[in-house]
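# Summary of the model geometry
Letter by letter, the chains look like this.
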Amino acid sequence: MARTKLIRNATVVVTMDAERREIAGGGLYVEDNRIIAVGPAADLPATADEVIDLAGHIVVPGLINTHHHMYQSLTRVVPGAQDGELFTWLSSLYPLWARLTPEMIDVSTRLAMAELLLSGCTTSSDHLYIYPNGCRLDDAIAAARDVGMRFHACRGAMSVGASKGGLPPDSVVEGEDAILADARRLIETFHDPARHSMLRIAVAPCSPFSVSRDLMREAATLARAYGVSLHTHLAENANDIAYSRETFGMTPAEYAEDLGWVGPDVWHAHCVQIDEAGIDLFARTGTGVAHCPCSNMRLASGIAPVRRMRDRGVPVALGVDGSASNDGGNMIGEVRQALLLQRVGFGPDAMTAREALEIATLGGARVLGRDDIGALAPGMSADFVAFDLSAVGFAGAGHDPVAALVFCAPERVALSVIDGRVVVRDGRVATLDLPLVIERHNRLARVLAAG
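Residues numbered from 1 in each chain as written. Predicted model: local features only at pLDDT ≥ 70, side-chain atom pairs only at ≥ 80, totals over all residues. Heavy atoms only, no water.

### A look at the overall build of the protein
Cut-off, in case you're wondering: Secondary structure follows DSSP: runs of H or I at least 4 residues long count as helices, runs of E at least 2 residues long count as strands, and numbering of each begins at the N terminus. Note that the radius of gyration is over C-alpha atoms, with the globule rule given as 2.2 Å times the number of residues to the power 0.38. Burial classes: relative accessible area under 20% of the type maximum marks a residue as buried, over 50% as exposed, and values in between as partly exposed (1.4 Å probe, protein chains only). The criterion used for residue contact is that any of the two residues' heavy atoms lie within 4.5 Å. For accessible areas, the Shrake-Rupley method is used with a probe of radius 1.4 Å. Any residue's cover is judged against the shown protein chains and nothing else. As used throughout, the charge tally considers Lys and Arg to be positive and Asp and Glu to be negative, leaving His and the chain termini uncounted. Charge placement uses NZ in Lys and CZ in Arg. For Asp and Glu, CG and CD serve respectively.
Helices and strands together make up the secondary structure of the protein, namely 14 helices and 17 strands. A compact globule built from 451 residues would reach a C-alpha radius of gyration of about 22 Å, and the protein, at 21 Å, matches this within 12%. Principal axes of the C-alpha set define a box for the protein whose edges measure 65 × 45 × 45 Å. Every one of the 451 residues in the protein was classed for burial, and the buried ones make up 62%. Put simply, 76% of the contacts in the protein that link residues at least 6 apart link residues at least 24 apart. Summed over its atoms, the accessible surface of the protein is roughly 15,800 Å², and 52% of this surface lies on carbon and sulfur atoms. When the 40 basic and 54 acidic side-chain charges of the protein are each reduced to a single mean position, those positions are 2 Å apart.

As structure tokens, then:
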């Protein structure tokens, strides 16, 4: 028999459905992991196995994070990596990351996911592209299952070290046959293409400056043979553009097109320095972009032209990026930053609060190739979060709670439900002993830094 859940009396329910309804005094009725009904109290059943009263709260679809490097939560604000642009920053951190262990991957994934959960995220990708000392993507997948987060695990890779003209040291690259074999193993072992899936695998060579053309082509062939998505970094900063021009004689967008890395099954992180022809290419092909405003600001990469991308029809989502270039993983904070940064770059009308929230929900679902998350409507996955509007940061903003959620200082969620399961209740992660995770994480971070 199905387990039912009734959410009622919310100050407002932001549906992100086809009509973009915002329902005052609204609620949800859930059976197992699916939404059955959304509407005002009078339109919903009166009872359920569990009833949660959310008077004084705003309910929104779970936010979707489309780019992260969760292991980097172990190396936040490392001395020597606090300043400098992307290539300098990476070069200073590669030696630390070469000391990662499977236990570090496990605890950093748990910590990063807890941070995301408490900031409203219910679905996250993770781009793990470095595998020293026996580390495997399996370590992150196991942690995600324990935490209860909907997960798109990206099998990243680096194959071109410094001796072959790449940026990473040779000690952290892998052989290309081994990379492809492991990607195949992961897809066959873990990928679930079904609707409402909690786990999907993507194939994700790291970047133009750390993998070969052959690997990029072979990765695309492999992914499409299995029907999984493709992900990489692209056009992140000026040095990235210069590397592509000098090494390949192409812009990053031209390089992506030449390798078959365009289409609705592909999403690229950053695209800060993408040119107009690249925007048109992505719009024409339905190629997605994970916009990472905090990281782009932290590394002084620039301001991604999100307004122009969206106006031309490019699918755009949000990503917190790695916790060593952000240096946080606050998803609702990223929504706010996306709004503010577009206005800094392109004027006060460049983005509205509701558009920023849409990018973080429907935008993320589209970029990840999903039609079951990102909105609250019958038949959708039961992924939603609630913020308490009595929090100090919302004081004085009651005339528009939806805009307040984006404009005001980021607050912690009161409730998070993923796949019909409560994972955050009363502002605490229900699936983890978070103080214990933090203690373990800090201890391993010290070990990593000390070598």
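### A few points about the environment of Arg308
Take Arg308: it is sitting in helix H10 (residues 306-312). Given the relative accessible area of 31%, Arg308 is considered partly exposed. In the structure, Arg308 is positioned 31 residues away from Ala277 in sequence and 12 Å away in space, judged by C-alpha atoms. Contact partners of Arg308, with chain neighbours within four places excluded, come to Glu276, Ile279 and Phe346.

### Focus on empty space enclosed by the protein
To find leftover empty space, one rolls a probe the size of a water molecule over the atoms. Stated precisely, the cut-off is as follows: Only protein atoms enter the calculation, which uses a 1 Å grid: trapped sets of points that fit a 1.4 Å probe without letting it out are cavities, open sets showing protein on both sides within 12 Å along at least five of seven lines are pockets, and any residue with an atom within 4 Å of a point is a lining residue. Grid points are joined across faces, edges and corners, and a volume is the space filled by probe spheres set on the points. Residues are grouped as follows: nonpolar covers Ala, Val, Leu, Ile, Met, Phe, Trp, Tyr, Cys and Pro; charged covers Asp, Glu, Lys and Arg; every other residue, Gly included, is treated as polar.
By the definition in use, this model includes three cavities of 30 Å³ or more. Approximately 140 Å³ is the volume attributed to the largest cavity. Lining of the largest cavity is provided by 20 residues; of these, Leu86, Leu90, Tyr129, His233 and Glu236 occupy positions nearest its centre. Broken down by element, the lining of the largest cavity gets its largest block of residues, four residues, from helix H1 (residues 86-97). The residue inventory of the lining of the largest cavity, partitioned by class, reads nine nonpolar, nine polar and two charged. Approximately 50 Å³ is the volume found for the second largest cavity.

### Notes on the nonpolar core
Side chains of a nonpolar character, in soluble globular proteins, are inclined to be buried together. We apply this condition: Nonpolar cores are built from buried Ala, Val, Leu, Ile, Met, Phe, Trp, Tyr and Cys residues. Side-chain atoms within 4.5 Å join them into one set.
Membership of the largest hydrophobic core comes to 151 residues, with the highest contact counts inside it found for Trp97, Leu100 and Phe384. Take this core: its biggest share by element is ten residues, from helix H2 (residues 102-118). With eleven residues, the next largest nonpolar core counts Ala202, Trp267, Ala290 and Ile373 among its residues.

### What to know about the side chain of His270
Keep this limit in mind: The definition of a polar contact used here is a pair of N or O atoms within 3.5 Å, where within protein one atom must be able to donate a hydrogen and the other to accept one, and adjacent residues in sequence count solely through side-chain atom pairs.
Its place among the elements puts His270 in strand E11 (residues 266-270). Looking at His270, its side chain comes within polar contact range of the side chain of Glu236, at 3.4 Å.

### Concerning the layout of surface pockets
Each pocket or cavity is described by its volume, and for the largest pocket that value is around 190 Å³. Lining of the largest pocket is provided by 15 residues; of these, Arg200, Gly227, Val228, Ser229 and Leu368 occupy positions nearest its centre. Elements that contribute at least two residues to the lining of the largest pocket include exactly strand E9 (199-205) and helix H5 (213-226). Examining the composition of the lining of the largest pocket, we find that three residues originate from one element, E9, more than from any other. In terms of residue class, the lining of the largest pocket is made up of seven nonpolar, five polar and three charged. Taken as a whole, the second largest pocket encloses approximately 160 Å³ of empty space.

### Description of the packing of aromatic side chains
In plain terms, the rule: When the centres of two rings from Phe, Tyr and Trp lie within 6.5 Å, Trp using its six-membered ring, the rings pair. Their planes under 30 degrees apart give stacked, over 60 give edge-to-face, and anything left gives tilted. By definition, being over a ring means that NZ of Lys or CZ of Arg is both within 6 Å of the ring centre and within 35 degrees of the ring normal.
All chains considered together, the criterion is met by eight aromatic pairs. A network of ring pairs unites the aromatic residues Tyr71, Trp89, Tyr94, Trp97 and Tyr129 as a single cluster. The ring of Tyr131 has Arg155 sitting right over it, with the charged end atom 4.1 Å from the ring centre.

### Brief notes about the pairing of strand E2 (residues 22-31)
Selection rule: Any two strands are treated as partners once DSSP identifies two or more bridges connecting them.
Direction of pairing for strand E1 (residues 4-14) relative to E2: antiparallel, over a ladder of eight bridges. Bridge assignment links Ile7 to a residue of E2, and that residue is Leu28. Two strands pair when backbone bridges link them, and E2 and strand E3 (residues 34-40) are joined in this way by six bridges, in the antiparallel orientation. For Gly27, the partnering residue across the bridge sits in E3 and is Gly39. Joining the antiparallel neighbours E2 and E3 is a turn of two residues, in which Asp32 adopts a positive phi near 55 degrees.

### A short note on the state of the cysteines
Here is the rule we go by: Criterion for a disulfide: a pair of cysteine sulfur atoms at a distance within 2.5 Å.
Counted according to the given criterion, the structure contains zero disulfides. With no disulfide of its own, Cys294 has Cys292 as its nearest cysteine by sulfur position, at a separation of 9.4 Å.

### Overview of the packing of helix H3 (residues 137-147) against helix H4 (residues 176-190)
Put simply, the rule is: Whenever a helix is involved, its axis is fitted only over the stretch in contact; in every case the axis is a line through C-alpha atoms, and angles between N-to-C directions fall within 0 to 180 degrees. Roughly parallel covers angles under 35 degrees, roughly antiparallel covers those over 145, roughly perpendicular covers 65 to 115, and oblique covers all other angles. Take the far helix as the reference: if the near one is turned anticlockwise from it by less than a right angle, the crossing is left-handed, and if turned clockwise, right-handed.
As a packed pair, H3 and H4 sit with axes 11 Å apart at the nearest point and diverge in direction by 25 degrees. Classified by the angle their axes make, H3 and H4 are roughly parallel. Between H3 and H4 lies a crossing of right-handed hand. In this structure, H3 contributes Leu137, Asp138, Ile141 and Arg145 to the contact, and H4 contributes Arg185, Leu186 and Phe190. Looking at the contact of H3 with H4 residue by residue, the class counts come to four nonpolar, no polar and three charged.

### Details of the pattern of salt bridges
The condition that has to hold: For salt bridges, the criterion is a side-chain nitrogen of Lys or Arg within 4 Å of an Asp or Glu carboxyl oxygen.
Across all of its chains, the model carries 32 salt bridges by this definition. Arg308 is the salt-bridge partner of Glu276, the closest N and O atoms lying 2.9 Å from each other. Placement of the pair is Glu276 in helix H8 (residues 276-285) and Arg308 in helix H10, with a sequence separation of 32 residues. Taken together, the salt bridges that share partners define one network made up of Arg20, Arg307, Arg310, Asp311, Glu355 and Glu358.

### Digging into the packing of helix H11 (residues 331-346) against helix H12 (residues 353-367)
Put simply, H11 and H12 touch, their axes get as near as 9 Å, and they point 130 degrees apart. For the element pair H11 / H12, the angle class is oblique. Where H11 crosses over H12, the two elements pack in a sense that is right-handed. On H12, the residues touching Met331, Val335 and Leu339 of H11 are Ala353, Ala356, Leu357 and Ala360.

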